[in-house]
Amino acid sequence: MIRIITDSATLWDVEMGKKKGIDVLMLSVTINNKTYKEYEEIDSVTFNDLIQQGHVPTSSQPATGYYLDLFEKYADDEILVITMADGLSGTYQSCMGAKEISGRDNITVINSKTLSIPQRLLVEKAIEMRDQNHSLEEIVVAMEKMIATTESFLLPQDFEFLKRGGRLTSLAATISGFLKVQPILTQTQEGNRLEKFAISRNFNMGVNKVLNHFKENGIDSNYHFCISHAFVPEQAEMVATRIKEMFNVVKVEIDNLSCAFITQGGPKCLAIQIIGK
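These remarks concern the structure in this document. Per-chain numbering applies: the sequence of each chain, read as written, is numbered from 1 onward. Thresholds applied to this predicted model are a pLDDT of at least 70 for local features of residues and 80 or more for the giving and counting of side-chain atom pairs; totals over whole chains, interfaces and linings are not thresholded and use all residues. The side-chain quantities take in all heavy atoms of the structure and omit both hydrogens and water.

**Some remarks on the pairing of strand S13 (residues 270-276)**
Counted only if it meets this: Here's how the labels work: a residue is buried when its accessible area is under 20% of the maximum for its type, exposed when over 50%, partly exposed in between, all with a 1.4 Å probe on protein chains only. Secondary structure elements are defined from DSSP: runs of H or I of at least 4 residues count as helices, runs of E of at least 2 residues count as strands, and each element is numbered from the N terminus. DSSP-based pairing: two strands are paired if at least 2 bridges between them are found.
Within S13, seven of the seven residues are buried, which leaves it mostly tucked inside the rest of the structure. Burial along S13 is two-sided: the residues Leu270, Ile272, Ile274 and Gly276 and Ala271, Gln273 and Ile275 are all buried. Here strand S11 (residues 223-229) runs beside S13; their pairing, made up of seven bridges, is antiparallel. Each residue of the ladder has a partner; that of Ile227, found in S13, is Ile272.

**Remarks on the sheet that holds strand S5 (residues 58-60)**
For clarity, the cut-off: Axis geometry follows a simple rule: fit a line to the C-alpha atoms, using only the stretch in contact for helices, then measure angles between N-to-C directions, giving values from 0 to 180 degrees.
Pairing is antiparallel in the open sheet, where three strands are placed in the order S4-S3-S5. The open sheet has two free edges, formed respectively by strand S4 (34-37) and S5, since each of these has just one partner strand. Ignoring strand direction, the axes of neighbouring strands in this sheet form an average angle of 25 degrees. Both strand S3 (residues 28-31) and S4 contribute to a ladder of four bridges, which runs antiparallel. Note that in S4 the partner of Thr30 across the bridge is Thr35.

**Some points on the side chain of Asp7**
As a reminder of what qualifies: His is not counted here, nor are the chain ends, while Lys and Arg score as positive and Asp and Glu score as negative. Any carboxyl oxygen of Asp or Glu within 4 Å of a side-chain nitrogen of Lys or Arg constitutes a salt bridge here. Residues adjacent in sequence count toward polar contacts only when both atoms are side-chain atoms; beyond that, a polar contact is any pair of N or O atoms within 3.5 Å, and within protein one must be able to donate a hydrogen and the other to accept it. Here a residue-residue contact requires only that any non-hydrogen atoms of the pair lie within 4.5 Å.
With respect to the secondary-structure elements, Asp7 resides in strand S1 (residues 2-7). As a buried residue without a salt bridge, Asp7 has its nearest oppositely charged side chain in Arg120, at a separation of 11 Å. Of the polar contacts made by the side chain of Asp7, one reaches the backbone nitrogen of Met84; its length is 3.2 Å. Sequence-distant contacts of Asp7, defined by excluding residues within four places in its chain, comprise Val24, Leu25, Ile82, Thr83, Met84, Thr91 and Gln119.

**Concerning the state of the cysteines**
The criterion, for reference: Defined by distance alone, a disulfide is two cysteine sulfur atoms within 2.5 Å.
By the definition in use, this model includes zero disulfides. Here Cys226 is not cross-linked by a disulfide; its sulfur's nearest cysteine counterpart is in Cys269, at 15 Å. We classify Cys226 as buried; its relative accessible area is 0%. Just so you know, Cys259 is unpaired, no disulfide at all, and the nearest cysteine sulfur is the one on Cys269, 12 Å from it.

**What about the pairing of strand S12 (residues 253-256)?**
Let me state the cut-off plainly: Consider the strands pointing away from the viewer: the crossover is right-handed when the path from the first strand over the helix to the second runs clockwise.
With four bridges connecting them, S11 and S12 associate as parallel partners. In the strand pairing of S12, His229 is matched with Asn256. With helix H10 (residues 233-247) bridging S11 and its parallel neighbour S12, the resulting β-α-β unit is right-handed.

What follows is the structure in structure tokens.
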């Protein structure tokens, strides 16, 4: 039997994992000198309230021991672990450390090179293929093909938060807020860090830059379009409407970002992502 393990970067909690027949390990956040497992011990609204009080959060990956416990639990099974992008989190390295300690050769760890909804779609594909009795090797090949198609863009809007968290210099944050410009960040091709993609006059123009980039690079209805956000549902729906009109797609995946991602992008951030079907 193939056992599938992933993490809450999929925006799934433990209970959703149980419904899907997989295991989901929680990322953790630390704020106001307390550490919480996201989804289990703190929700995003409570987390955001603490941020608004001036507390600066940090996030961390599931500990190696949690992976070891599952590896021991499924001692007689093949195991496939699909982690969030290496470099944006230590999750992949934590899992690889657990694999090395276990000394087993029937554990396959995939660095998804993405996060959020595209990572979830990778896991859903793996579940579908597992339930259709595909081999682990066939599942891995399908995963790698999908991973090669993913792109992610982040539009942060809380510049003071980014300044406090050290992700923008004080001067850059001040200028961004004063001039009302919209930075657009993108994942590098390797998926291991974020870099500047462009600067726009405002949020709407930033969205246009991202969607025009997709259009110029031949992205079409053969891709999943994904939007995740931190407390800006109206903007998310607006972007989804524009995607449907521009790319002739019926469905756009939308979800709320978890505490760990709000730690990275700040409140009011919005991510636009794609991954091939």
